[in-house]
Amino acid sequence: KAGVTQTPRYLIKTRGQQVTLSCSPISGHRSVSWYQQTPGQGLQFLFEYFSETQRNKGNFPGRFSGRQFSNSRSEMNVSTLELGDSALYLCASSFGDHTEAFFGQGTRLTVV
Amino acid sequence: SQQGEEDPQALSIQEGENATMNCSYKTSINNLQWYRQNSGRGLVHLILIRSNEREKHSGRLRVTLDTSKKSSSLLITASRAADTASYFCATVATYTGANSKLTFGKGITLSVRP
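Let me sum up the structure you'll find in this document. Treat the numbers as computed from the prediction; the structure is a model and nothing was measured.

Observations regarding the overall build of chain A
Broken down by element type, chain A carries zero helices and eleven strands. The N-to-C order of helical and strand elements in chain A reads β-β-β-β-β-β-β-β-β-β-β. Computed over the C-alpha atoms, the radius of gyration of chain A is 13 Å, within 12% of the 13 Å expected from 2.2 N^0.38 for a compact globule of 112 residues. Projected onto its principal axes, the C-alpha positions of chain A cover 35 × 25 × 25 Å.

Details of the overall build of chain B
Scanning chain B from N- to C-terminus turns up zero helices and eleven strands. Each helix and strand of chain B, placed in order from N terminus to C terminus, yields the pattern β-β-β-β-β-β-β-β-β-β-β. With the principal axes as the frame, chain B shows a C-alpha extent of 45 × 30 × 20 Å. Sequence-distant contacts, at least 24 apart, represent 55% of the contacts inside chain B between residues at least 6 apart.

Overview of the sheet that holds strand E1 (residues 5-7) of chain A
Residues and elements named next belong to chain A. The strand order across the open sheet built from four strands is E1-E3-E8-E7, with neighbouring strands paired in antiparallel fashion. Edge positions in the sheet fall to E1 and strand E7 (64-68), since each of these pairs with one other strand and no more. Neighbouring strand axes in the sheet, compared pairwise and without regard to direction, differ in orientation by 15° on average. Bridge analysis of strand E3 (residues 19-24) against strand E8 (residues 74-78) gives five bridges, and the strand direction is antiparallel. The partner of Ser22 across the bridge, within E8, is Glu75.

Some thoughts on the sheet that holds strand E6 (residues 55-58) of chain B
Residues and elements named next belong to chain B. Pairing is antiparallel in the open sheet, where five strands are placed in the order E1-E3-E8-E7-E6. With partners counted over all chains shown, the strands left at the sheet margins are strand E1 (5-7) and E6, one partner each. Strand-to-strand twist across the sheet, computed as the mean angle between neighbouring axes with direction ignored, equals 15°.

Notes on the nonpolar core
Burial of nonpolar side chains together is a common tendency in soluble globular proteins. In terms of nonpolar packing, the biggest core is built from 23 residues, with Met21(B), Leu32(B), Trp34(B), Leu74(B), Ile76(B), Tyr87(B) and Leu110(B) touching the most fellow members. For this core, the elements supplying multiple residues, two or more each, are strand E2 (10-14), strand E3 (19-24), strand E4 (29-37), strand E5 (43-50), strand E7 (61-66), strand E8 (71-76), strand E9 (85-93) and strand E11 (108-113) of chain B. Those residues in contact with Leu110(B), other than ones at most four positions away along the chain, are Leu11(B), Ile13(B), Ala19(B), Met21(B), Ile76(B), Asp83(B), Thr84(B), Ala85(B) and Tyr87(B). If you look at the next biggest cluster of nonpolar residues, it comprises 21 residues, including Val19(A), Val32(A), Phe60(A) and Val111(A).

A closer look at the state of the cysteines
Residues and elements named next belong to chain A. Inspection of the entire model under this criterion finds two disulfides over all chains. A disulfide bridge connects Cys23 with Cys91, and the sulfur atoms are separated by 1.8 Å. In this structure the cystine formed by Cys23 and Cys91 twists about its S-S bond by roughly -60°; its chirality is therefore left-handed. Residue Cys23 is found in strand E3, and its partner Cys91 is found in strand E9 (residues 87-94); the two are separated by 68 residues along the sequence.

Overview of the layout of surface pockets
A water-sized probe, rolled over the atoms, reveals where empty space remains. Put simply, the second largest pocket is a space of about 160 Å³. Around the second largest pocket, the lining residues are Gln37(A), Thr38(A), Pro39(A), Gly42(A), Leu88(A), Arg108(A), Gln37(B), Gly40(B), Phe88(B) and Lys106(B). Residues of the lining of the second largest pocket, tallied by class, amount to three nonpolar, five polar and two charged.

Describing the pattern of salt bridges
Residues and elements named next belong to chain A. If you walk through the whole model with that rule in mind, you get nine salt bridges over all chains. With a shortest N-O distance of 2.6 Å, Glu48 and Arg55 are connected by a salt bridge. Judged by relative accessible area, Glu48 falls into the buried class, the value being 0%. For Glu82, the salt bridge goes to Arg63, with nearest N and O atoms at 3.6 Å. Taken together, the residues span a long stretch of sequence, with Glu82 in the loop between E8 and E9 and Arg63 in the loop between strand E6 (53-57) and E7 at a distance of 19 residues. Overall, the relative accessible area of 16% leaves Arg63 in the buried class. Through salt bridges with shared partners, a single ionic network connects Glu48, Arg55 and Asp97.

The rules we used
Residues numbered from 1 in each chain as written. Chains lettered and ligands numbered in written order. Predicted model: local features only at pLDDT ≥ 70, side-chain atom pairs only at ≥ 80, totals over all residues. Heavy atoms only, no water. Helix = DSSP H or I, 4+ residues; strand = E, 2+ residues; numbered from the N terminus. Rg over C-alpha atoms; globule rule 2.2 N^0.38 Å. Contact = heavy atoms within 4.5 Å. Pairing = 2+ DSSP bridges. Axes fitted to C-alpha atoms, helices over the stretch in contact; angles between N-to-C directions. Core = buried A, V, L, I, M, F, W, Y, C linked by side-chain atoms within 4.5 Å. Buried < 20%, exposed > 50% of the residue type's maximum accessible area, 1.4 Å probe, protein only. Disulfide = S-S within 2.5 Å. 1 Å grid on protein atoms, 1.4 Å probe; cavity = no way out; pocket = protein on both sides within 12 Å on 5 of 7 lines; lining within 4 Å. Points joined across faces, edges and corners; volume = space filled by probe spheres on them. Nonpolar A, V, L, I, M, F, W, Y, C, P; charged D, E, K, R; others polar. Salt bridge = Lys/Arg side-chain N within 4 Å of Asp/Glu carboxyl O.

Here it is in structure tokens:
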């Protein structure tokens, strides 16, 4: 069974630009969550999607958004990039509630 | 915001020794999970323990959970150099709508010397 796939693996963007990250969950998993990891703040929850609906949202500004498609693939978008958005963005998929999460390798975003 | 704290923040041991890592959390939980991360890559799920369980084993891993103290410990026995990584505990809260949301601690850096 293929794992969680995130693309691209690395991105360099300029302040003010926008970026879209993609995540393909494990087949059969309908829950997809996104996390931001930085040295200063650690791992922080961004949002969770289940059956194309956002079920949970973390404490991030509206510049961070996401969506989920009918095949459970998910994208997250960050608009008007700031230097502080530089981070490792991790996607995780789960089969159901209160079960283990399987993480992708992450997308390393650098904003210059 | 982080749910809790792990301690120690860093641990260095010799290959073959046991490594014990502790995690504390703040709210009522449905379950607690431990993850490993190698060099800023993706997280690998190690073990999940539910709030009604006290101890769980998986290979060289032993996890305990004390909900009265809101704490958990992860024991890695007979450590290997390949166990060198960062370890995170994460909780799923009990409130309605928590679903799959994981709240992570700050992590513990484990170094296993050959």
